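# Inside the fold
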Amino acid sequence: MENRSQWGTRLGFLLAAMGSAIGLGNIWRFPATAFENGGGAFFLPYLFALLTAGIPLLILEYTIGHKFRGSAPRSYGKISKGMEWIGWWQVAISFIISTYYPVIIAWAIMYAYFSFGQQWGADPTGFFVGDYLQLGDPGTFGGLVPSVFLPLIAVWAIALFFLGRGVKKGIEVANKIFIPTLAIIFLIIVIRAVTLDGALTGLDAFFKPDWGAITSGKVWVAAYGQIFFSLSIAFAIMITYASYLPKKSDITNNAFITGFANSSFELLAGIGVFAALGFMAVQSGQDISDVVAGGVGLAFMVFPEIISQMPAPGFFGFLFFASLVLAGLSSLISISETYIAGLQEKFNISRGKAVTFGGGIAAILSLAFATKDGLNLLDTVDHFINNYGVALAGLFEVVAIAWFAKGLKDFQNHANSISDIRLGIWWRFCLGIITPVVLGYMMLQNLKTEVT
Ligand code: PFF
Ligand code: NA
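Quick caveat: nothing in here was measured; it's all calculated off a predicted structure.

On a plain count of helices and strands, the protein chain comes out with 19 helices and zero strands. Scaling as 2.2 N^0.38, a compact globule of 452 residues should have a C-alpha radius of gyration of about 22 Å, and the protein chain matches this with 21 Å. When its C-alpha atoms are laid out on the principal axes, the protein chain stretches across 60 × 50 × 45 Å. Considering only intrachain contacts with a sequence separation of at least 6, the fraction spanning at least 24 residues in the protein chain is 86%.

Below is the structure:
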């Protein structure tokens, strides 16, 4: 394993880790989640979650990957033979996500194009589900929707192209192009948004603290959930990416940088989205709380409407959807790398074969989401992954390592031997006690809402 692939530069690794972390979760999940869970007051549980679970887990995952220099299954297997399955569980979650995530990127590609001339017309919602997705329409060839299918093929071609070229020449290069471009585009969009009429109304609504919210368990669950999803934790990704780090790497510092970069991007997205929502509310004489949305609805129903009302709609529409494409592609590359690395090591095959086989199967399965029923299927799968898959994977991870294997001390020593910032008992307490308790509580809450 001495000739294991490596990142070319520290910046290359950091950009790849940020590329994975910064995704649709920052742009369309965070703003609505914060708004619904206390607005300005949400930042308190959010910061708490970042510092007690997000960054500590990121440090753990970087350490695991760096110490064992293997994909997630192999690294867990080296901690203890009986733990390899945890790695496969996390890889499986990433694999499933990689069957529907690219479909959303495909939509964004088409919408970047639709932005010119605002082809969604006066009724963007009707256009999205009816004209574009052809929801419920019998459709042609097997229910596949050509306007989703074709860009989907393009998404896979791009992702598998970079993945096939390897860690340094492929993944690193892709992120060195995508992430700086994304940052520039995003700054342009946010500056435009905050200078629109009504922007302050939106920002006021976003930052107005509802302090009562922080006494609610639901708000804390939302904060931890956002942090886990947003930092790509327990998806096998960060372990895989860290396994390509050179021997001398400041792991702890890298984790803090990744964590804060992701949160900065999230905050920036919140500002941009709410400034734009404020503009729309003022334009249409609606209340801000009536126009707030998250997820698919925000990007493909609300934003087209906002874009149509803006000056230079073609330009800003294109930039907005291009930012979704770039953020999405870098995340898709990271989730796919988990099973590519896993397959490569498990079956001792070349990267090329693992990309063809793993990526090929994921690509074929993703076609199911490019059909006239795609959106419903996507909602269902996403719901289960988000509510159970991720929380369970994180729970298995911390409980197995902190409570059942040799404990966290080895990892602490490993990280400390190469990092500037010292890990101490606070780190073991966050991972051994706080994180398992929170994740266990989160699971119970999610199950409870399921049955009621
Ligand atoms: N961390 C990414 C985000 O915040 O959008 C999302 C993500 C990437 C989730 C990769 C899952 C994943 F496997
Ligand atoms: Na994120």
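Following the structure, the description resumes.
Residues Ile 59, Ile 105 and Tyr 224 are the most contacted members of the largest nonpolar core, which totals 155 residues. Ranked by residues supplied to this core, first place goes to helix H5 (residues 84-114) with 17 residues. For Ile 59, the residues in contact, after removing those within four places along its chain, are Ile 251, Thr 252, Ala 255, Ala 415, Leu 423 and Trp 427.

What follows deals with the site of ligand 1. In the region of ligand 1, 16 residues are neighbours, and Gly 23, Gly 25, Ser 230, Ser 331 and Ile 335 sit closest. Elements with a minimum of two residues in the shell around ligand 1: helix H1 (10-21), helix H2 (24-36), H5, helix H10 (217-230) and helix H15 (313-347). For the shell around ligand 1, a count of residues per class yields seven nonpolar, nine polar and no charged.

What follows is about unusual backbone geometry. Most peptide bonds adopt trans geometry, and most residues besides glycine take a negative phi value. The phi dihedral of Gln 118 is positive, around 40°, even though this residue is not glycine. Within the element layout of this structure, Gln 118 appears in the loop between H5 and helix H6 (124-132).

One can describe the packing of helix H7 (residues 146-164) onto helix H8 (residues 167-194) by two numbers: an axis separation of 6 Å at closest approach and a directional angle of 130°. Between H7 and H8, the crossing angle belongs to the class labelled oblique. Together, Phe 162, Leu 163 and Gly 164 of H7 and Gly 170, Ile 171, Val 173 and Ala 174 of H8 make up the contact between the two elements. Counted by class, the contact of H7 with H8 contains five nonpolar, two polar and no charged residues.

Turning next to helix H18 (residues 409-418). Those residues of H18 that fall on the buried side of the exposure criterion are Phe 411, Gln 412 and Ala 415. Buried residues in H18, looked at end-on, bunch into an arc of 100°, giving them a common side. Exposed and oriented more than 90 degrees from the buried face of H18 are Lys 409, Asn 413 and Ser 417. In this fold, the buried residues of H18 make contact with helix H3 (43-68), helix H12 (251-284) and helix H19 (425-451).

Across the interface, H6 lies against helix H14 (residues 295-309) with an axial gap of 8 Å and an inter-helix angle of 140°. Taken together, the axes of H6 and H14 are oblique relative to one another. In this structure, H6 meets H14 at a crossing whose hand is right-handed. Contacts from Pro 124, Thr 125 and Phe 128 in H6 reach Phe 300, Met 301, Pro 304 and Glu 305 in H14. A per-class count over the contact of H6 with H14 returns five nonpolar, one polar and one charged.

A word on the confidence of the model for the protein chain. Chain-level statistics for the protein chain give a pLDDT mean of 95 and a share of 98% at 70 or above. With a pTM of 0.95, the predicted complex shows an ipTM of 0.96.

Reading the values: the criteria
- Residues numbered from 1 in each chain as written.
- Chains lettered and ligands numbered in written order.
- Predicted model: local features only at pLDDT ≥ 70, side-chain atom pairs only at ≥ 80, totals over all residues.
- Helix = DSSP H or I, 4+ residues; strand = E, 2+ residues; numbered from the N terminus.
- Rg over C-alpha atoms; globule rule 2.2 N^0.38 Å.
- Contact = placed C-beta atoms within 7 Å.
- Core = buried A, V, L, I, M, F, W, Y, C linked by C-beta atoms within 7 Å.
- Buried ≥ 20, exposed ≤ 12 C-beta atoms within 10 Å, placed from the backbone.
- Near = placed C-beta within 6 Å.
- Nonpolar A, V, L, I, M, F, W, Y, C, P; charged D, E, K, R; others polar.
- Axes fitted to C-alpha atoms, helices over the stretch in contact; angles between N-to-C directions.
- Parallel < 35°, antiparallel > 145°, perpendicular 65-115°, else oblique.
- Arc of directions from axis to C-beta.
- Left-handed = near helix turned anticlockwise from the far one by under 90°.
- pLDDT = per-residue confidence, 0-100.

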